[in-house]
Structures are given as structure tokens and as C-alpha cells.
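Structural characterization, general
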Amino acid sequence: LLAAAGLFVAFALSILLVRRITRPLATMAEAAHRIGHGDFSSSIPESGPREIAELAVRLNEMEAQIGRLLENRTTLLAGISHDLRTPLARMRLELELLQGEENSELIEGLGNDISEMETLISQTLLLARGQGGEEAVKVDINALLQEIAADYQAANKPVEYRSSGQCLATLRAKALKRVLINLVENAVGYSGHQTVSLECDNTDQAISVRVIDKGPGIPESDYDRIFQPFQRLENSRSRATGGSGLGLAIVQQLCRANDWEIALSPAPKGTGTIFEVKLPKFARDD
């Protein structure tokens, strides 16, 4: 009886000791996941055994330094963009005053260059800011896809919406719309005059939103590379064959920040690419 009682006490103490150690470690693991998604809203409790508490202090210091670094980066880019936009606005005004003069093709080309620079500045800022701080709301994804397709059709771009079952989710609507617009813009740019299709599929596991193009396709070896900033499969940097190389980088960043999965696969008939955004099961709002 004494031996059994001693074993029981030792077992109970062991459980308490293990929980005292593992609870702070679980909190740190959760904090590391949060920091990895760009959330610096709270710090780790600096309690527990001395070594654990010291580790929490170091992690809090690291979190603060990363937060300041990202804030400084965004502030720097915002300042640079403001300084660049002022002369760009003056240049655009001066070009407007020159309309109707000789060298109209040159004037039009300069106007296109200014528009491209403004787009690059806006995308760089969006990449730096990461669309943080937006609240999650209930979204009808089918209605969102219809709206995007209608906007492109109004601009005489071949984008269609394929009707599907109900797709409701609670998520950051502006972030999802930015992801989808960037994917559609990329698909339209590389598909020529071929139709780009938008569709949503709701399963027990997740909601999948797909952007399907009929372009030349993407080699599987380049699937990871195209999501890197300023990376393009077409290297001529021509305005007619692609953009700045930031659109898909923004897509990946927003997907990571919202726990969405972005996946690529070849189109069924062998030509084109399917970009698929998978929303987790917890986002479903049926």
C-alpha cells in the first residue's frame, strides 16, 4: 500500500511538473505561429521555470524588434512613394497639357510609363503593409466572383463566372478580393484573348476558389519561383507580356496571413493553369 501510494504521488507530481513546463511551451508555439502571420498584438507571459521565463523574455524582445523593423520598412516605403508620386502627378498634368500636339505616340508612351510606375508603387506598398488590421465578415464568394467577372467584362476582357453551389465564408473580404483580382490579372495577361474562368467549390473539407486560364501553362519546376517578388517567367520586362512581378508575391503573402492555401495545377486539357485558393474548414459559414 505504501509503495502504491508513493507511486501515485510521484505520478501526480510528474503530471503537474510536465504541465508546468509544457503549458508555457504551447503558448510560445502559438505565439511563434502568430508572429509568423504578422500579428504582433500581444506578448508572451514571462512566467514559469527560470529557463522558460528567460526564453519568453527573449522571444518578446525578438517580436518587438521584428515589429519595429516592419513598421520602419513600411514608413520608409510610404515616404518614398509619396516623394515619387508628387513629380509623377506633375508629369501627368504636363502630358495632359500637351495632348493634341505633335509626337502624340511619344506622349501616349510616356503616359503609359507613368501609369506603370504608379501601379508599381501601389503594389510595393501593398506588399509591405500586408493588408493587416481588416476584420473578418460573412462573404458570399459566388457574388464576389460575379462582381469581379462583370468588372472585367465591362472592360472588354474575357472573364467568365461559372455558377456553382453555395459558398459562404467568414473571412477578410478585401484581402480575398485582392488575391482574386491579382490572380485574374495575371491570368488575363498571359492568356491572350482566351477566356479566364472563375468558380467556387464547397466541400466538407474546405472551400476552393479557382481561377482557370488557357494560357501557355507554367512548368512545375517554376511553381515556387513565380511567387517570389519581381520574378517573371517572361524575362523581357515588356508591358505587353506581363506586369511588375509583384502580383503573385502579394497573393502568397495575403494567403499566408489569412491561413489560406494557394496551389497550382495544370488545366485538364493540357493548356493553361489552375490557381486554387483553399479556405480552411473553420472559415465555412453554411
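Residues numbered from 1 in each chain as written. Predicted model: local features only at pLDDT ≥ 70, side-chain atom pairs only at ≥ 80, totals over all residues. Heavy atoms only, no water.

Side note on the overall build of the protein
Going by this rule: Strands are runs of DSSP state E lasting at least 2 residues, helices are runs of H or I lasting at least 4, and numbering of each runs from the N terminus. When a residue's accessible area, from a 1.4 Å probe over protein chains only, is under 20% of the maximum for its type it is buried; when over 50% it is exposed; and in between it is partly exposed. Contact between two residues is taken to exist if any of their heavy atoms lie within 4.5 Å; hydrogens are not considered.
Along the protein, the regular secondary structure elements total six helices and seven strands. In the protein, which comprises 286 residues, the share counted as buried stands at 35%. Considering only contacts in the protein between residues 6 or more positions apart, those separated by 24 or more positions represent 66%.

As for the pattern of salt bridges
Formally: Salt bridges are identified by distance alone: a Lys or Arg side-chain nitrogen within 4 Å of an Asp or Glu carboxyl oxygen.
Counted under the stated rule, the structure contains 10 salt bridges. Between Glu51 and Arg50 there is a salt bridge, with its nearest N and O atoms 3.3 Å apart. The residue Arg58 makes a salt bridge to Glu54 at a minimum N-O spacing of 4.0 Å. With Arg58 and Glu54 both in helix H2 (residues 50-97) and four residues apart, this pair spans about one turn of that helix. For Arg58, a relative accessible area of 46% translates into the label partly exposed. With relative accessibility at 39%, the residue Glu54 sits in the partly exposed group. By sharing partners, the salt bridges in this structure join Glu160, Arg162, Glu199, Arg210 and Glu276 into a single network.

Details of the confidence of the model for the protein
Short version of the rule: Scored from 0 to 100, pLDDT records how confident the predictor is in each individual residue.
When the pLDDT values of the protein are averaged, the result is 79; 85% of them are 70 or greater. Contacts of residues 235-239 to residues separated by more than four positions or lying in other chains number eight contacts, the stretch itself having pLDDT below 50.

A few points about the sheet that holds strand S2 (residues 159-161)
Condition: In short, DSSP must find at least two bridges between two strands for them to pair. Every axis in this analysis is a line fitted to C-alpha atoms, fitted for helices over the stretch in contact. Angles between the N-to-C directions lie between 0 and 180 degrees.
Read across the open sheet, the five strands follow the order S2-S4-S5-S7-S6; overall the sheet is mixed. At either end of the open sheet lies a strand with only one pairing partner, and these are S2 and strand S6 (261-266). This sheet shows a mean twist of 20° between the axes of neighbouring strands, independent of strand direction. With six bridges joining them, strand S5 (residues 207-212) and strand S7 (residues 273-279) adopt antiparallel strand pairing.

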